[in-house]
Amino acid sequence: MALDPDDYSVDELREELDTIDETDELQAILEAEQAGRDRKTAREAVHRRLEAVGADVAGSAESSDGVEEGTETEGEYEETKETVGDEAEGEEIDEVEDEDEPAADDEDTAGEADEPQTRDKKHVRALADGHYEDVWVFCETQQGDLLEVSREMLGKARELMDQFAEDYGDEERVVAFLMGNDCEELAEECIAYGADVAVYHDDDRLERFLHKPYTEISAHMARGEGTVESTDWREYDKPRYILFPATNNGRDLSAKVQAELDSGLASDCSDLFIEENEVSNPVKTGEPGVKKTFEKVLHMKRPDFSGFEYSTILCLDNPGREFHPQGASIIPGSFDPIEPDYDRDGLVVEHDMELDEDWFRVEITEYDQLEAGVDLTGHDVVVCLGRGIADDPTEGMELGLDLVDAFEDAELGITRGIVTSSYQFDGHVEQYAKEERQIGETGQVVAPDLYIAAGVSGAVQHKVGMDESDTIVSINTDSDARIRDFSDYFVEGDLFEVLPELTDAAESGELAPEAVADGSGDTAADSSGGSSDDSEPDASADAATGGDTDD
């Protein structure tokens, strides 16, 4: 045989196959591929070429992708309830035909012969009995730098895999994957932040996020496709777990990649842990009344009902169908990055793949660069102002800024009520009322050591943006304000009177964020005593913990 498929990438092999017309030679290449690297996409390419030259392969012992009959393969289309099972999602499909009836032509498999074949009438069956390892982390970049959330996810992935090795005795890796223009140094930075392997694809056309090429490259990497040099570091079918940032681009990419890899996705998660899980759902066990234990399951926690409840999402296999990688997108600010170690050993791999010109048919010819904006995450203290400043918006904003200045590391946030209001601010504070400082479901998500909410009612949309704060102190004239339910300390009083008291306490060192966050809280309660004329000094601050029992 003149052609050894092991010497070619799948893309190169396709080009070589187009020059071969002999059935025997093609069959020999197929057998060599099965005996060697046994790549699914390579087998499919040979099979398609056999069909193109008119070889009679329909009745052979090989299925349509060149593997043994009855073997389940990733990406194989199935169309019967008998194979898929009643639990399969998607549009209902026709019952299986009798075995002695002739099979329908390929163009008729989606329904009637005169109907176009559509993907939504088919079920894509995932790899069965696959081999999965490692946690993969998509490290998003912007303007030649890693986003902070990328470093945060690498730190959490490092923690998960260290615990994984302790619990199961298996050393599995943190694999960073990224793409862009001149991004090798960023791949090396990923090693410093906890990755064992960093796989990158470098192309000047990838400088800005584009849906199609980013999706195709990510899936290609995850499946272990490409040249030997870019894939010989791994020996598994797909990653065990995969993490994406819950940014605008990360949300888009996570859904597309997980669909391409035929698995599921838990979006906007704020916590992760790995442990076994016992279930009795017959969809997952295959038989009613039977319990089954799934090992090494990634538990993905996400806020529901705008933060008043938390759900734990599991990605479990069905009988005969496996869902990997188990995937999640992570809310920025949920985790802390580890301290970088630039002497840390790791493997940096350049990914090889031919990019289709058609993937770049959308071209960015001109763009405006917005100002960087305000990042409220990563600060020790966040002071948030709500509509309680309505009596004097400018003075209220000034008092909030005074309190921010009293701390060493603090920043000012606002609620959506201020953003959408018609409040008139004097010019020197007007910039602080812009949407870039909004905290909540449609704004930024923060988790400081100390969160001070002044004049904030506690709408559920706002709770999502600050619920992970270590200590929450709220100030409101309404003792029944909803924010009291999820505050550690509630001050019933007028923010115009209470904020100056807090500022004095912070400047004198009596209100230190570490003192409040460690649970003592005495300074927070005492500093506001007497701030409301109709309250007893000791009664002006109440500890409330009722809002976080589901955590």
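Here's what I pulled together on the structure shown here.

Basis of the calculations
- Residues numbered from 1 in each chain as written.
- Predicted model: local features only at pLDDT ≥ 70, side-chain atom pairs only at ≥ 80, totals over all residues.
- Heavy atoms only, no water.
- Axes fitted to C-alpha atoms, helices over the stretch in contact; angles between N-to-C directions.
- Helix = DSSP H or I, 4+ residues; strand = E, 2+ residues; numbered from the N terminus.
- Parallel < 35°, antiparallel > 145°, perpendicular 65-115°, else oblique.
- Left-handed = near helix turned anticlockwise from the far one by under 90°.
- Contact = heavy atoms within 4.5 Å.
- Nonpolar A, V, L, I, M, F, W, Y, C, P; charged D, E, K, R; others polar.
- Buried < 20%, exposed > 50% of the residue type's maximum accessible area, 1.4 Å probe, protein only.
- Polar contact = N/O pair within 3.5 Å; in protein donor to acceptor, adjacent residues only side chain to side chain.
- Pairing = 2+ DSSP bridges.
- Right-handed = clockwise from strand over helix to strand, strands pointing away.
- Phe/Tyr/Trp six-rings, centres within 6.5 Å; stacked < 30°, edge-to-face > 60°.
- Lys NZ or Arg CZ within 6 Å of the ring centre and 35° of its normal.
- Salt bridge = Lys/Arg side-chain N within 4 Å of Asp/Glu carboxyl O.

### Re the packing of helix α7 (residues 211-222) against helix α9 (residues 248-260)
Between α7 and α9, the shortest axis-to-axis distance is 9 Å and the interhelical angle comes to 50°. Regarding the angle of α7 to α9, the classification is oblique. For the crossing formed where α7 meets α9, the hand is right-handed. Contacts from H211, Y214, T215, S218 and A219 of α7 reach α9 at D252, L253, K256, V257 and E260. Of the residues that constitute the contact of α7 with α9, the class distribution is 4 nonpolar, 3 polar and 3 charged.

### Some details on the environment of S334
As for its position among the elements, S334 is in the loop between β13 (326-330) and β14 (347-350). Taking the relative accessible area as the measure of exposure, S334 reaches 24% and is therefore partly exposed. Placed 65 residues apart in sequence, S334 and C269 show a C-alpha to C-alpha distance of 8.3 Å. Look past the residues within four positions of S334 in its chain and what remains in contact with it is E152, C269 and S270. A distance of 2.7 Å separates the side chain of S334 from the backbone oxygen of I331, its partner in a polar contact.

### What to know about the sheet that holds strand β10 (residues 271-279)
Strand order in the open sheet formed by 3 strands is β10-β11-β12, with antiparallel pairing between adjacent strands. Whereas interior strands pair on both sides, the edge strands pair on one side only; in this sheet they are β10 and β12 (309-313). Going across the sheet, the axis of each strand differs from the next one's by a mean of 40°, ignoring polarity. Bridge analysis of strand β11 (residues 292-304) against β12 gives 5 bridges, and the strand direction is antiparallel. Bridged to K301 within β12 is T312.

### Quick look at the sheet that holds strand β7 (residues 197-202)
What holds strands together in a sheet is hydrogen bonding between their backbones, with the strands either parallel or antiparallel. In space, the 7 strands of this open sheet follow the order β9-β13-β8-β3-β6-β7-β14, with parallel pairing throughout. At either end of the open sheet lies a strand with only one pairing partner, and these are β9 (265-269) and β14. For this sheet, the mean inter-axis angle between neighbouring strands, taken without regard to orientation, is 20°. Here strand β6 (residues 174-180) pairs with β7 via 6 bridges, running parallel. By the bridge assignment, M179 is partnered in β7 with H201. In this fold helix α5 (residues 148-168) packs onto β3 (132-138), β6, β8 (238-245) and β13, with an angle of close to 145° to the strand it touches most, β8. Contacts between α9 and the sheet are confined to β3, β8, β9 and β13, with β8 contributing the most and set at about 160° to the helix.

### Description of the pairing of β6
Counting buried positions over the 7 residues of β6 gives 7, a clear majority of the element. On β6, burial covers both faces: V174, A176, L178 and G180 on one face and V175, F177 and M179 on the other are all buried. As judged from the 4 bridges shared by β3 and β6, these two strands associate in the parallel manner. The partner of V135 across the bridge, within β6, is V174. Once you follow β6 into helix α6 (residues 184-192) and on to β7, the crossover reads as right-handed.

### So, the packing of aromatic side chains
Aromatic ring pairs are described here by two measures, namely the spacing of the ring centres and the angle between the planes. Taken as a whole and judged by the stated rule, the model has 9 aromatic pairs. Considering the side-chain rings of F209 and Y214, the 4.9 Å spacing of their centres and the 65° angle between planes classify their relative orientation as edge-to-face. Aromatic ring contacts, followed pair by pair, group W136, F138, F177, W233, Y236 and F244 into a single cluster. In this structure, K463 packs its charged tip against the face of F486, placed 5.3 Å from the ring centre.

### Considering unusual backbone geometry
Note the cis peptide between H324 and P325, where omega equals 0°. On the secondary structure map, P325 appears in the loop between β12 and β13. The phi dihedral of D38 is positive, around 55°, even though this residue is not glycine. Its location among the elements puts D38 in the loop between α2 (23-35) and α3 (40-52).

### Thoughts on the pattern of salt bridges
Opposite charge on two side chains makes pairing possible when the charged atoms of those side chains draw close. Applying the stated criterion to the full structure yields 25 salt bridges. One salt bridge in this structure joins E216 and K212, with 2.8 Å as the shortest N-O distance. Placement of the pair is E216 and K212 together in helix α7, with a separation of 4 residues, close to one helical turn. On the basis of relative accessible area, E216 is assigned to the buried category, the value being 18%. A salt bridge links D262 to R321; the shortest N-O distance between them is 2.7 Å. Pair noted here: D262 is in the loop between α9 and β9 and R321 is in the loop between β12 and β13, with a separation of 59 residues, a long-range link. You'll find D262 and R321 in the same group, each marked buried. Each member of the salt-bridge network shares a partner with another, and the members are D145, E148, R151 and E189.

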